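Chain and residue survey
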Amino acid sequence: MTKIVIVGAGYAGMAAAAHLDKAGTPFTIVNNHDYHYLTTLLHEAAGGRGPGSNYQVPIKEVLRQDSSELVVDQITGIDRNKKVVVGQAGEYAYDYLIYGLGWVSEYFGIKGLKENSLSITNLDSAVGIREHIENEFKAYVKDGDKRHLRIALGGAGLTGIELMGELLEYLPQLCKSLDIPFSEVDVQCIEAMPTILPMVAPHLRPYVAETLTKKGGKLRTNTKIMEVTPGVVHLDGGETVEAGTIVWTGGVRANPLLTEAGFTVDRRGRGKVNSFLQSADDDHIFIVGDSAWAEDENGKPFPPTAQMAEQMGALAAHNLLAQLNRQPMKSFKPRNWGTLCSLGSEVGVGDAFGVPIKGVTAALAKEGSKAKYLWELGGMRLAGNRTKQMMRI
Ligand code: FAD
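Residues numbered from 1 in each chain as written. Predicted model: local features only at pLDDT ≥ 70, side-chain atom pairs only at ≥ 80, totals over all residues. Heavy atoms only, no water.

Named according to an unreviewed UniProt entry, the chain is NAD(P)/FAD-dependent oxidoreductase originating from Alicyclobacillus acidoterrestris. Of the chain, the UniProt comment under Sequence similarities (unreviewed entry) reads exactly: "Belongs to the NADH dehydrogenase family." (UniProt positions renumbered as here; feature names shortened; annotations may be inferred.)

The structure is reproduced here in structure tokens:
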């Protein structure tokens with residue numbers, strides 16, 4: 001029997017797995033948790049909108065066929081000569097591999113940044129940020145040191161801005177519960193570029209700035225982080241920001257396992273693939289999601305987003321089955337539904353199919369995109385249950 005292994009149960013890996021599960025094709029998916037987490041909503045978990053359990057889906061709730069096997073393991077390498085994926089608990093032999101181990105934070109060589117900052121890289125780290133902030137605020141109650149109430153967010157892209165929006169909604173409640181005046185809290189988002197949210201239409205950016213500033217946040221553009229030491233962000237020009245919480249959201253690169261395994265990669269460590277999403281180095285390996293260096297017909301790389309990852313995962317599974325059945329494979333031609341950025345639970349900005357939207361409309365569209373995703377993954381059973389769970393917050 002042909003051995004099919006999927007590594008990573010993110011947006012890409014789960015889409016591939018769901019496709020093979022529906023087809024009744026036997027495969028093994030190896031992931032470091034027995035659940036899939038909703039990465040695009042992790043800022044909500046970090047900002048305290050809901051408990052961590054709201055943002056996870058047990059993998060076995062999606063993969064229902066006996067022929068679909070889940071193994072929980074941490075992958076540490078790929079041996080292409082032996083055709084095995086190496087994990088901490090065992091080795092997984094494959095004839096075909098779908099690689100979807102996603103991304104890690106990119107620190108751009110900034111001294112001390114990795115060691116001295118938190119980042120939203122998975123569900124545990126997102127929940128860890130919320131707990132860290134709560135502990136800092138409790139420490140302020142004990143010693144009155146205002147640094148505990150300062151939060152420095154590095155990067156004003158989607159993750160940094162969404163996290164800021166969540167925090168500015170949650171922190172007034174946290175302050176109330178601890179009897180701290182919210183006016184003492186300082187949330188700063190520090191961005192090296194001249195603008196925030198490059199993926200959002202320029203005319204919407206002032207709305208974002210106004211919304212966040214009115215809620216008490218500070219947006220600092222054209223401001224470079226030069227170094228981070230414990231509790232201190234060092235900016236260009238010599239200014240320092242002393243903060244109890246420092247979170248880096250400024251960039252991503254592919255999981256380093258591809259580079260370590262000798263695949264052809266771009267400067268962000270993404271593995272080169274052809275239009276069918278097969279690795280340029282091995283046509284029995286499909287690389288999908290944020291780990292894939294796939295280009296459109298003009299040679300422009302597709303962006304590392306969940307909607308690309310989902311579509312890549314589904315196509316890789318389709319093409320793998322096509323190969324097994326000696327059918328023609330399809331090229332990757334994704335649809336772009338738009339980008340949505342929440343600014344807390346009530347408003348947001350972005351575009352739906354290229355049409356710019358803001359305010360409540362954008363927030364509702366973002367809620368709708370969650371339900372759509374769960375529907376596509378697990379049908380009414382998953383979308384209905386999860387939506388109910390999230391509404392109980
Ligand atoms: P991932 O979703 O990262 O999945 C990788 C999987 O592999 C995970 O399950 C992980 O646990 C597992 N894994 C990793 N390493 C190992 C290992 N060594 N062994 C075993 N398992 C491992 N994109 C959008 O399109 N729209 C948005 O609104 C949006 N918002 C975002 C908000 C935030 C806060 C963040 C952080 C990202 C956002 N993104 C958004 C980007 C989007 O989440 C990513 O593009 C997407 O998650 C990539 O999917 P993936 O399947 O490639 O990787």
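1. Considering the pairing of strand β15 (residues 232–235)
Where strand β14 (residues 225–229) and β15 come together, 4 bridges link them in antiparallel fashion. Directly across from Glu227, in β15, lies its bridge partner His234. Counting the residues that bridge the hairpin from β14 to β15 gives 2 residues, and of these Gly231 lies at a positive phi of roughly 75 degrees. Pairing analysis gives 3 bridges linking β15 to strand β16 (residues 240–242), with the strands arranged antiparallel. Bridging across to β16, His234 finds its partner in Thr240. (Pairing = 2+ DSSP bridges. Helix = DSSP H or I, 4+ residues; strand = E, 2+ residues; numbered from the N terminus.)

2. Concerning the sheet that holds β15
Pairing between the strands of a sheet is mediated by backbone hydrogen bonds and can be parallel or antiparallel. The antiparallel open sheet is built from 3 strands, whose spatial order is β14-β15-β16. Edge positions in the sheet fall to β14 and β16, since each has one partner strand and no second. Adjacent strand axes in the sheet meet at a mean angle of 20 degrees, parallel and antiparallel pairs treated alike. (Axes fitted to C-alpha atoms, helices over the stretch in contact; angles between N-to-C directions.)

3. Side note on the sheet that holds strand β2 (residues 27–31)
Pairing within the open sheet is mixed, and its 6 strands lie in the order β5-β2-β1-β9-β21-β20. Looking at strand neighbours, the two that pair on one side only are β5 (68–72) and β20 (278–279), the edges of this open sheet. In terms of strand pairing, strand β1 (residues 4–7) meets β2 through 3 bridges, oriented parallel. When the bridges of β2 are listed, Val7 appears paired with Val30. Here helix α1 (residues 11–23) sits on the sheet in contact with β1, β2, β5 and β9 (96–99), set at roughly 160 degrees to β2. The sheet contacts of helix α9 (residues 306–324) involve β1, β9, β20 and β21 (282–287), and relative to β9 the element is tilted by about 170 degrees. (Contact = heavy atoms within 4.5 Å.)

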